[in-house]
Amino acid sequence: MRNLMGAERGSHNAATAALAPFVLSVVTWRRGHLKTGEALMKTIIEPFRIKSVEPIRLTTRAEREARLKAAHYNLFGLKSDDVLIDLLTDSGTGAMSAAQWAAMMRGDESYAGSPSFDRFEAAVQNLMPFKHILPTHQGRAAEAILFSILGGVGKNIPSNTHFDTTRGNIEGSGALAFDLVIDEGKDSQSLHPFKGNMDLEKLETFLIEHGDSVPCVMHTITNNAGGGQPVSLENIRAVAALAKAHGRPFIIDGCRFAENAWFIKQREAGQGERSITDIVRDCFAVADGMTMSAKKDAFGNIGGWLALNDDELADDARVRLIQTEGFVTYGGLAGRDLDAIAQGLTEIVDEDYLRYRIGTNQYIIDRLDAMGVPVVKPAGGHAVFVDARAWLPHIDPLAYPAQALANRLYEIGGIRGVEIGSLMFGRQPDGSEKPAAMELVRLAIPRRTYTQSHADYMIEAFEQLQAEKDSLKGLKVVKEPRLMRHFTCQLRPL
Ligand SMILES: *Cc1c(COP(=O)(O)O)cnc(C)c1O
């Protein structure tokens, strides 16, 4: 069996060479594979073994075509039993460790003042030095609470790229959401090492133009909706300084903070010798608050939090928390969930884990790239992003080429990805529709869940897809809700 990441050191070196104009050097790249005093091994393995397994069910292509039709060509409508490799999301789908399962037994379900909350709060504050930590059942609940206070008609909120639920919560409050990522972040082939960076000039102009109507500046690390691309520490600090100069609170959407810190360590000048924990602390030290989904870089199956420094804002948020989620020491969670997250936060900053995780992504992307499939480069943190606009130029963006591609990938291999393009972002607040910045299919890799042969199977499915791609047709939306339509809309092939 070929090894998940292994194998071709050449491809790592090629990636390094391509990034050479930036701060990367062969030395810092290799540092990612080396432990001090140890020889360089070509093979990087999953840093865990398997204690408990879940079967997955094989289906035929004809079965899958029927299932997809019954789901109105929306992959969110499928039963997960009918999916072989589920890359719909890396959210809450990771495998918990033995230590996390053990921690769950320590969970204290007291309504108020549970020690599980104390452990949760301490684990968060160990990495993110915020004064107030409010547990929520998911990241979007933290967003909903924050924007119920800071949002509203007439408000304008910038970010590098708002994630879909963030945009939904902002727009749902009547405010407007703006994406100010650097231009390289919209070019799937640009090899800029920090394609999630905010465009500082655009942000400054925005802050001057919109003045008091800007209740906060957000920054998403890594930039999920922009290809899972990282943000540099330098950029985080520069955004914080701009927000401060204009008197605006700076809030980080920190869902993939550990992956982002790994990229900072690998790619940013002067960061290569620092620990992930120190880098993480530096990122959050300059912020006034954060929203977080613990289903990402906390190894939780559920959970999230809102963190704030401002006492008054935190008081308002706590009232809202009690109204909508639960008492302040459990939010929307069971005590056992708080303990699983507390333990998960100690595991997520492990460098062996991060090296393996990012290496997996690199392995798949290198092979798809070699095959001629246009993928977002360089590799991001949590997912492989295929550029459907480039691969399927015969499908109009408003006929959702990325949805057509994701659907066919399911029919071919039972692999479920998700469209991140005009279906997700094309509908405008005024009801009109315009093409999104990119038409991507995201294949998100659940944490510690799939193995090398799953990765190879996926690559083989793409070989089949390449043979069929010219026959793919676009789709039309036949039914949709008012907001975040991609989750529940119904489609029909053209
Ligand atoms: C997942 C995610 C969210 C929302 O978190 P949920 O736990 O799914 O509600 C917000 N922002 C980003 C960047 C995310 O990836």
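1. As for empty space enclosed by the protein
Taken as a whole, this structure holds 4 cavities of 30 Å³ or more when the rule is applied. In this structure, the largest cavity encloses a volume near 150 Å³.

2. Looking at the nonpolar core
Ranked by internal contacts, the top residues of the largest apolar core, which has 56 residues, are M128, F250, F257, F284, W305 and L345. Dropping the residues within four chain positions of it, F250 is found in contact with V217, M218, H219, I236, V239, A240, A243, V286, A287, D288 and G289. Listed in part, the 48 residues of the second largest apolar core include L68, A406, Y410 and L472.

3. Overview of the packing of helix α6 (residues 139–150) against helix α12 (residues 311–324)
The geometry of a pair of packed helices is captured by two quantities: the angle between their axes and the separation between those axes. One way to put it is that α6 packs onto α12 with a least axis distance of 9 Å and a crossing angle of 125°. One way to sum up the angle between α6 and α12 is to call them oblique. Classified by chirality, the crossing of α12 by α6 is right-handed. Seen from α6, the contacting residues are I145, S148, I149 and L150; seen from α12, they are L313, D316, A317, R320, L321 and T324.

4. Things to note about the layout of surface pockets
In this model, the largest pocket occupies a volume close to 1300 Å³. S52, E54, A95, R448 and T449 are the residues nearest the centre of the largest pocket, which is lined by 35 residues in total. Tallied by class, residues from the lining of the largest pocket come to 16 nonpolar, 10 polar and 9 charged. Here the lining of the largest pocket spans two domains, since at least three of its residues come from each of domain 1 (61–90 + 374–493) and domain 2 (98–347). Among the elements of the structure, α7 (164–172), β4 (176–179) and α17 (422–425) are those that each provide at least two residues to the lining of the second largest pocket. Partitioned by chemical class, the residues of the lining of the second largest pocket number 18 nonpolar, 9 polar and 9 charged. Here the lining of the second largest pocket spans two domains, since at least three of its residues come from each of domain 1 (61–90 + 374–493) and domain 2 (98–347).

5. Overview of the domain arrangement of the chain
According to the domain assignment, the chain contains domain 1 (61–90 + 374–493) and domain 2 (98–347). Domain 1 and domain 2 are separated by 27 Å when their C-alpha centres are compared. The partner domain 2 presents 34 residues to the 24 residues of domain 1 that form the contact. For the pair domain 1 and domain 2, the summed buried surface comes to about 2300 Å²; carbon and sulfur atoms form 57% of the total. By the criterion of area lost to domain 2, the three top residues of domain 1 are P378, R447 and R448, representing 23% of everything that side buries. Linking domain 1 with domain 2 are 4 salt bridges. Notably, a salt bridge pairs R448 with E347, separated by 3.0 Å at the nearest N-O pair. Run the count over domain 1 and domain 2 and you get 15 residue pairs in polar contact (both at pLDDT 80 or more). Of all the elements in the fold, those that place two or more residues in the side of domain 1 that touches domain 2 are β9 (383–387) and α17. Among the residues making up the side of domain 1 that touches domain 2, the classes are represented as 14 nonpolar, 4 polar and 6 charged.

6. Let's talk about the sheet that holds β9
Sheet architecture is open: 3 strands sit in the order β9-β12-β11, paired in antiparallel fashion. Both outer strands of the open sheet, β9 and β11 (418–420), are each paired with one neighbouring strand and no more. For this sheet, the mean inter-axis angle between neighbouring strands, taken without regard to orientation, is 30°. Strand direction decides the pairing type here: β11 and strand β12 (residues 440–444), joined by 3 bridges, are antiparallel. Note on β12: the bridge partner recorded for E419 is V441. Strand contacts of helix α16 (residues 401–413): β9, β11 and β12, with the helix running at about 40° to β12, the strand carrying the most contacts.

Scoring rules and cut-offs
- Residues numbered from 1 in each chain as written.
- Predicted model: local features only at pLDDT ≥ 70, side-chain atom pairs only at ≥ 80, totals over all residues.
- Heavy atoms only, no water.
- 1 Å grid on protein atoms, 1.4 Å probe; cavity = no way out; pocket = protein on both sides within 12 Å on 5 of 7 lines; lining within 4 Å.
- Points joined across faces, edges and corners; volume = space filled by probe spheres on them.
- Core = buried A, V, L, I, M, F, W, Y, C linked by side-chain atoms within 4.5 Å.
- Buried < 20%, exposed > 50% of the residue type's maximum accessible area, 1.4 Å probe, protein only.
- Contact = heavy atoms within 4.5 Å.
- Axes fitted to C-alpha atoms, helices over the stretch in contact; angles between N-to-C directions.
- Helix = DSSP H or I, 4+ residues; strand = E, 2+ residues; numbered from the N terminus.
- Parallel < 35°, antiparallel > 145°, perpendicular 65-115°, else oblique.
- Left-handed = near helix turned anticlockwise from the far one by under 90°.
- Nonpolar A, V, L, I, M, F, W, Y, C, P; charged D, E, K, R; others polar.
- Domains from an automatic or database assignment.
- Buried area = accessible area lost by both parts, 1.4 Å probe.
- Salt bridge = Lys/Arg side-chain N within 4 Å of Asp/Glu carboxyl O.
- Polar contact = N/O pair within 3.5 Å; in protein donor to acceptor, adjacent residues only side chain to side chain.
- Pairing = 2+ DSSP bridges.

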